[in-house]
Amino acid sequence: MWSFTYILILNTFLLTASGTVDPSTVWTDWDKRQTCTPTNGIHQPASIDELVQIVTVAEFMETQLKTVGSGHSFSQITLTDDGRVNGSMIVNLDNIKKVLKLPTDNDHTVTVEAGIRVQ
Ligand SMILES: Cc1cc2nc3c(=O)[nH]c(=O)nc-3n(C[C@H](O)[C@H](O)[C@H](O)COP(=O)(O)OP(=O)(O)OC[C@H]3O[C@@H](n4cnc5c(N)ncnc54)[C@H](O)[C@@H]3O)c2cc1C
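Keep in mind that what you see is a predicted model, and the values were worked out from it rather than measured.

Calculation notes
Residues numbered from 1 in each chain as written. Predicted model: local features only at pLDDT ≥ 70, side-chain atom pairs only at ≥ 80, totals over all residues. Helix = DSSP H or I, 4+ residues; strand = E, 2+ residues; numbered from the N terminus. Buried ≥ 20, exposed ≤ 12 C-beta atoms within 10 Å, placed from the backbone. Contact = placed C-beta atoms within 7 Å. Near = placed C-beta within 6 Å. Nonpolar A, V, L, I, M, F, W, Y, C, P; charged D, E, K, R; others polar. Pairing = 2+ DSSP bridges. Core = buried A, V, L, I, M, F, W, Y, C linked by C-beta atoms within 7 Å.

Draft legend 1. A look at the overall build of the protein. Helix and strand content of the protein: two helices and eight strands. Reading the protein from its N terminus to its C terminus gives the helix and strand order α-β-β-β-β-α-β-β-β-β. A burial count over the protein gives 20% of its 119 residues as buried. Within the protein, contacts between residues separated by at least 24 positions form 55% of all contacts whose residues are at least 6 apart in sequence.

Draft legend 2. Inspection of the site of the ligand at higher detail. For the ligand, the set of nearby residues contains 14 residues, the closest of which are Val 68, Gly 69, Ser 70, His 72 and Ser 73. Grouping the amino acids of the shell around the ligand by side-chain chemistry returns five nonpolar, eight polar and one charged.

Draft legend 3. View of the pairing of strand 6 (residues 88–92). Counting buried positions along strand 6 gives four out of five residues, so the element sits mostly inside the fold. Looking at chain direction, strand 4 (residues 42–43) and strand 6 are connected through two bridges and run parallel. Looking at strand 6, one finds that Ile 42 is bridged to Ile 90. In the sheet, strand 5 (residues 64–68) pairs with strand 6 via five bridges, with the strands oriented parallel. Its bridge partner being in strand 6, Thr 67 is matched across the sheet by Val 91.

Draft legend 4. A look at the nonpolar core. In terms of nonpolar packing, the biggest core is built from 12 residues, these being Trp 27, Cys 36, Ile 42, Leu 51, Ile 54, Val 57, Ala 58, Val 68, Leu 79, Met 89, Ile 90 and Val 91. With four residues, helix 2 (residues 48–61) is the single largest residue contributor to this core. Every residue in contact with Ile 90, bar those within four places of it in the chain, is listed here: Trp 27, Pro 38, Ile 42, His 43, Lys 66, Val 68 and Thr 80.

Draft legend 5. Region of the structure containing unusual backbone geometry. A positive phi is found at Lys 32, a non-glycine position, where the angle reads about 65 degrees. Within the element layout of this structure, Lys 32 appears in the loop between strand 2 (27–28) and strand 3 (35–36). A tally of 8 C-beta atoms within 10 Å means that Lys 32 is categorised as exposed. Non-glycine residue Glu 62 carries a positive phi angle of around 55 degrees. Topologically, Glu 62 is positioned in the loop between helix 2 and strand 5.

Draft legend 6. Looking closely at the environment of Leu 93. The residue Leu 93 is located in the loop between strand 6 and strand 7 (99–101) in this model. For the pair Leu 93 and Ile 48, spaced 45 residues apart in sequence, the C-alpha to C-alpha distance is 9.5 Å. Residue contacts for Leu 93: discarding those within four places in its chain leaves Thr 67, Ala 114 and Gly 115.

In C-alpha coordinates:
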(Lines give C-alpha, C1' and ligand atoms only; values in the text may rest on other atoms or scores of the structure.)
Protein backbone atom coordinates (compact mmCIF):
# COMPACT_ATOMS: atom_id res chain seq x y z
CA MET A 1 0.00 0.00 0.00
CA TRP A 2 2.75 2.46 0.90
CA SER A 3 4.54 1.79 -2.37
CA PHE A 4 1.37 2.64 -4.33
CA THR A 5 0.95 5.83 -2.33
CA TYR A 6 4.57 6.70 -3.03
CA ILE A 7 4.07 6.13 -6.77
CA LEU A 8 0.98 8.35 -6.73
CA ILE A 9 2.77 11.20 -4.94
CA LEU A 10 5.76 10.81 -7.23
CA ASN A 11 3.66 10.87 -10.36
CA THR A 12 1.66 13.87 -9.17
CA PHE A 13 4.92 15.66 -8.39
CA LEU A 14 6.38 14.83 -11.81
CA LEU A 15 3.26 16.04 -13.60
CA THR A 16 3.22 19.29 -11.66
CA ALA A 17 6.97 19.79 -12.04
CA SER A 18 6.82 19.29 -15.80
CA GLY A 19 4.07 21.89 -16.12
CA THR A 20 1.50 19.53 -17.58
CA VAL A 21 -1.20 20.32 -15.03
CA ASP A 22 -3.54 23.08 -16.10
CA PRO A 23 -4.62 24.98 -12.97
CA SER A 24 -7.94 25.75 -14.64
CA THR A 25 -10.38 22.96 -13.98
CA VAL A 26 -13.21 24.23 -16.16
CA TRP A 27 -13.51 22.69 -19.62
CA THR A 28 -15.92 23.91 -22.26
CA ASP A 29 -16.64 22.78 -25.80
CA TRP A 30 -16.25 25.05 -28.86
CA ASP A 31 -19.43 27.09 -28.33
CA LYS A 32 -19.38 26.91 -24.51
CA ARG A 33 -22.70 25.07 -24.31
CA GLN A 34 -21.10 21.98 -22.77
CA THR A 35 -19.13 22.60 -19.58
CA CYS A 36 -17.61 20.39 -16.92
CA THR A 37 -15.25 20.77 -13.99
CA PRO A 38 -13.02 17.69 -13.74
CA THR A 39 -12.12 17.50 -10.07
CA ASN A 40 -8.66 16.03 -10.72
CA GLY A 41 -7.69 18.57 -13.34
CA ILE A 42 -7.09 19.06 -17.04
CA HIS A 43 -3.82 17.61 -18.28
CA GLN A 44 -1.92 18.16 -21.49
CA PRO A 45 0.99 15.71 -21.72
CA ALA A 46 3.94 16.59 -23.97
CA SER A 47 5.02 13.01 -24.57
CA ILE A 48 3.82 9.42 -24.50
CA ASP A 49 5.74 8.95 -21.22
CA GLU A 50 3.80 11.79 -19.59
CA LEU A 51 0.54 10.38 -20.93
CA VAL A 52 1.41 7.00 -19.42
CA GLN A 53 2.04 8.72 -16.07
CA ILE A 54 -1.38 10.39 -16.21
CA VAL A 55 -3.18 7.16 -17.09
CA THR A 56 -1.26 5.30 -14.36
CA VAL A 57 -2.29 7.87 -11.75
CA ALA A 58 -5.90 7.84 -13.00
CA GLU A 59 -6.04 4.05 -12.81
CA PHE A 60 -4.56 4.01 -9.31
CA MET A 61 -7.00 6.70 -8.13
CA GLU A 62 -9.85 4.92 -9.93
CA THR A 63 -10.82 8.32 -11.27
CA GLN A 64 -12.74 8.88 -14.49
CA LEU A 65 -10.46 9.88 -17.36
CA LYS A 66 -11.76 11.42 -20.59
CA THR A 67 -9.86 12.53 -23.68
CA VAL A 68 -10.76 15.72 -25.52
CA GLY A 69 -9.63 17.14 -28.82
CA SER A 70 -10.87 20.49 -30.10
CA GLY A 71 -14.23 20.12 -28.35
CA HIS A 72 -16.15 20.36 -31.61
CA SER A 73 -18.47 17.47 -30.87
CA PHE A 74 -22.03 18.70 -30.46
CA SER A 75 -22.89 16.13 -27.80
CA GLN A 76 -22.13 15.71 -24.10
CA ILE A 77 -19.77 12.85 -24.92
CA THR A 78 -16.66 14.62 -23.65
CA LEU A 79 -18.14 15.75 -20.34
CA THR A 80 -16.81 14.26 -17.15
CA ASP A 81 -19.06 13.05 -14.35
CA ASP A 82 -17.75 15.39 -11.67
CA GLY A 83 -19.92 13.99 -8.89
CA ARG A 84 -18.04 10.68 -8.81
CA VAL A 85 -16.58 9.62 -5.46
CA ASN A 86 -13.09 9.25 -6.98
CA GLY A 87 -13.40 12.33 -9.15
CA SER A 88 -12.73 12.97 -12.79
CA MET A 89 -9.91 14.07 -15.05
CA ILE A 90 -9.49 15.32 -18.63
CA VAL A 91 -6.52 14.75 -20.89
CA ASN A 92 -5.89 16.64 -24.12
CA LEU A 93 -3.41 15.23 -26.64
CA ASP A 94 -2.69 18.37 -28.71
CA ASN A 95 1.03 18.13 -27.90
CA ILE A 96 1.28 14.49 -29.00
CA LYS A 97 1.12 15.09 -32.72
CA LYS A 98 4.09 13.58 -34.52
CA VAL A 99 3.79 12.19 -38.03
CA LEU A 100 5.23 8.70 -37.60
CA LYS A 101 5.04 7.37 -41.14
CA LEU A 102 4.52 9.05 -44.49
CA PRO A 103 2.90 7.29 -47.46
CA THR A 104 4.94 5.57 -50.14
CA ASP A 105 4.07 4.60 -53.71
CA ASN A 106 3.10 1.12 -52.52
CA ASP A 107 1.54 1.98 -49.20
CA HIS A 108 -0.67 5.06 -48.96
CA THR A 109 -1.06 4.79 -45.20
CA VAL A 110 -0.14 7.76 -43.03
CA THR A 111 0.57 6.96 -39.39
CA VAL A 112 0.26 9.81 -36.87
CA GLU A 113 0.05 10.26 -33.13
CA ALA A 114 -3.40 10.57 -31.58
CA GLY A 115 -3.43 14.34 -30.98
CA ILE A 116 -2.74 15.48 -34.53
CA ARG A 117 -5.21 17.81 -36.28
CA VAL A 118 -6.44 17.40 -39.84
CA GLN A 119 -5.94 20.86 -41.30
C1 LIG B 1 -19.01 24.17 -36.94
C2 LIG B 1 -18.80 22.68 -36.99
C3 LIG B 1 -18.86 22.02 -38.18
C4 LIG B 1 -18.69 20.63 -38.26
N5 LIG B 1 -18.71 20.00 -39.46
C6 LIG B 1 -18.53 18.67 -39.54
C7 LIG B 1 -18.51 18.00 -40.79
O8 LIG B 1 -18.67 18.61 -41.83
N9 LIG B 1 -18.33 16.66 -40.80
C10 LIG B 1 -18.13 15.95 -39.65
O11 LIG B 1 -17.94 14.74 -39.73
N12 LIG B 1 -18.15 16.56 -38.46
C13 LIG B 1 -18.33 17.90 -38.38
N14 LIG B 1 -18.35 18.52 -37.17
C15 LIG B 1 -18.19 17.71 -35.98
C16 LIG B 1 -16.77 17.78 -35.50
O17 LIG B 1 -15.88 17.97 -36.56
C18 LIG B 1 -16.45 16.48 -34.84
O19 LIG B 1 -17.25 16.34 -33.72
C20 LIG B 1 -14.97 16.55 -34.47
O21 LIG B 1 -14.28 15.92 -35.52
C22 LIG B 1 -14.66 15.89 -33.19
O23 LIG B 1 -13.28 16.10 -32.96
P24 LIG B 1 -12.83 16.90 -31.67
O25 LIG B 1 -11.33 16.89 -31.69
O26 LIG B 1 -13.47 18.24 -31.60
O27 LIG B 1 -13.37 15.92 -30.54
P28 LIG B 1 -14.05 16.28 -29.16
O29 LIG B 1 -15.35 17.01 -29.38
O30 LIG B 1 -13.03 16.98 -28.30
O31 LIG B 1 -14.31 14.81 -28.64
C32 LIG B 1 -15.28 13.99 -29.29
C33 LIG B 1 -15.04 12.53 -28.86
O34 LIG B 1 -13.77 12.06 -29.35
C35 LIG B 1 -12.95 11.65 -28.25
N36 LIG B 1 -11.59 12.09 -28.56
C37 LIG B 1 -11.20 13.33 -28.95
N38 LIG B 1 -9.88 13.36 -29.19
C39 LIG B 1 -9.42 12.11 -28.95
C40 LIG B 1 -8.13 11.51 -29.03
N41 LIG B 1 -7.05 12.20 -29.41
N42 LIG B 1 -8.01 10.21 -28.70
C43 LIG B 1 -9.10 9.49 -28.33
N44 LIG B 1 -10.35 10.00 -28.24
C45 LIG B 1 -10.50 11.30 -28.55
C46 LIG B 1 -13.54 12.32 -27.02
O47 LIG B 1 -13.28 11.59 -25.84
C48 LIG B 1 -15.03 12.32 -27.35
O49 LIG B 1 -15.58 11.07 -27.06
C50 LIG B 1 -18.48 19.89 -37.07
C51 LIG B 1 -18.40 20.59 -35.85
C52 LIG B 1 -18.55 21.94 -35.80
C53 LIG B 1 -18.45 22.66 -34.50
